[in-house]
Structure formats: C-alpha cells, structure tokens
Amino acid sequence: MPRATGVTSFYPSISNDSKLVVFNQSNCGSDPDVNRLLRLLKPDVHCKGTDYTPETVPERDTVLAYGGRIAIVGDPKDHSTRDLLAHIRASGSRS
C-alpha cells in the first residue's frame, strides 16, 4: 500500500481488528469515485481533513445512508504545499 501523509502517526492507534484504506486518485484505477468504495466496504468511520466540516464532506450522504459516521481529523489547514516548497528551496540555497 502506498504510504500516505499522517498514516504513520495514526496507524499505531488502530486496534488489531481495524483496517485502514488510503484512497487517492493514483490508486483507484479508472474509477476515482470514493462513494463506490464506501458503499462496498461500509467503514464505521470515514475521515476527512480539517478543510471540511461534517456537513461539507462530499461523501456525507453515502456514509450516513449505510449508518457510518464522519470524523474530521488532522491539523488545521494553515499551510500550503506551495509555501512548504518555497521554504525548502530557500533552505537549500543557503548551503
């Protein structure tokens, strides 16, 4: 399974009988619709980042329809990839 940001810090807290599926468009083949996967697996908890609220999760209706719950997880989205790359480039140029 591809490694995903945040999984290593989250994974140790998962019990032995739990499963974690990392979904992204690079590992979903020709069907990037996570709703299909949710209906198939019916996870107890569907997690999304803090750039969502429970009401704005695109898959909300699907999760609630099978009795799952939505959890908002992660750090606040007060940073961007663009800014991180700029910081890395600036740090590298000092060497």
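Just above, that's the structure.
Residues numbered from 1 in each chain as written. Predicted model: local features only at pLDDT ≥ 70, side-chain atom pairs only at ≥ 80, totals over all residues. Heavy atoms only, no water.

(A) Structural context of the environment of Pro54. Positionally, Pro54 belongs in the loop between strand S1 (45-48) and helix H3 (60-65). Given the relative accessible area of 35%, Pro54 is considered partly exposed. Once residues lying within four places of it in the same chain are set aside, the contact partners of Pro54 are Arg60, Ile70 and Ile72. (Helix = DSSP H or I, 4+ residues; strand = E, 2+ residues; numbered from the N terminus. Buried < 20%, exposed > 50% of the residue type's maximum accessible area, 1.4 Å probe, protein only. Contact = heavy atoms within 4.5 Å.)

(B) Looking closely at the pairing of strand S2 (residues 69-72). In the sheet, S1 pairs with S2 via four bridges, with the strands oriented parallel. Bridge pairing in S2 links Lys48 to Ile72. (Pairing = 2+ DSSP bridges.)

(C) Representation of unusual backbone geometry within the structure. Phi is positive for Lys42, close to 50 degrees, though the residue is something other than glycine. Examined against the element boundaries, Lys42 turns out to sit in the loop between helix H2 (34-41) and S1. Classification of Lys42 as partly exposed rests on a relative accessible area of 48%.

(D) Broad picture of H2. Looking at H2, one finds that the buried residues are Val34, Asn35 and Leu38. Each buried residue of H2 lies within a common arc of 100 degrees when the element is viewed along its axis, so the set occupies one face. In H2, those exposed residues whose orientation departs by more than 90 degrees from the buried face are Arg36 and Leu40. Next to the buried residues of H2 lie S1 and H3. (Arc of directions from axis to C-beta.)

(E) View of the pairing of S1. In S1, alternate side chains face the same way, and those of His46 and Lys48 are buried while those of Val45 and Cys47 on the opposite face are not. In this region the chain leaves S1, passes through H3 and returns to the parallel neighbour S2; the handedness of that crossover is right-handed. (Right-handed = clockwise from strand over helix to strand, strands pointing away.)

(F) Layout of the environment of Pro58. Along the chain, Pro58 turns up in the loop between S1 and H3. Judged by relative accessible area, which is 54%, Pro58 ranks as exposed. Placed ten residues apart in sequence, Pro58 and Lys48 show a C-alpha to C-alpha distance of 9.7 Å. Ignoring sequence-local partners within four residues, the contact set of Pro58 consists of Lys48 and Tyr52.

(G) Up close: a nonpolar patch on the surface. Side chains of Leu84, Leu85 and Ile88 sit close together on the surface and give an oily, nonpolar patch of about 270 Å² of accessible area. By secondary structure assignment, the location of Ile88 is in helix H4 (residues 81-93). (Patch = residues over 30% accessible without salt bridge, like charges linked within 9 Å, V, L, I, M, F, W, Y side chains within 5 Å. Areas by Shrake-Rupley, 256 points an atom, 1.4 Å probe, with all protein chains shown as cover. Salt bridge = Lys/Arg side-chain N within 4 Å of Asp/Glu carboxyl O.)

(H) Just the nonpolar core, in detail. Formed by Val34, Leu38, Val57, Val63 and Ile70, the largest nonpolar core amounts to five residues. Not counting residues up to four positions away in its chain, the partners in contact with Val63 are Leu38, His46, Gly68, Arg69 and Ile70. (Core = buried A, V, L, I, M, F, W, Y, C linked by side-chain atoms within 4.5 Å.)

(I) The arrangement of the pattern of salt bridges in detail. Tallied over the entire structure, the rule returns two salt bridges. Across the pair Glu59 and Lys48 runs a salt bridge, and its minimum N-O distance is 3.5 Å. Of this pair, Glu59 sits in the loop between S1 and H3 while Lys48 sits in strand S1; the two residues are eleven residues apart in sequence, bridging distant segments of the chain. Neither residue differs from the other here; Glu59 and Lys48 are each classed as buried. The salt bridge partner of Arg82 is Asp83, with a shortest N-O separation of 3.7 Å. By relative accessible area, Arg82 is classed as exposed at 64%. A relative accessible area of 45% places Asp83 in the partly exposed class.

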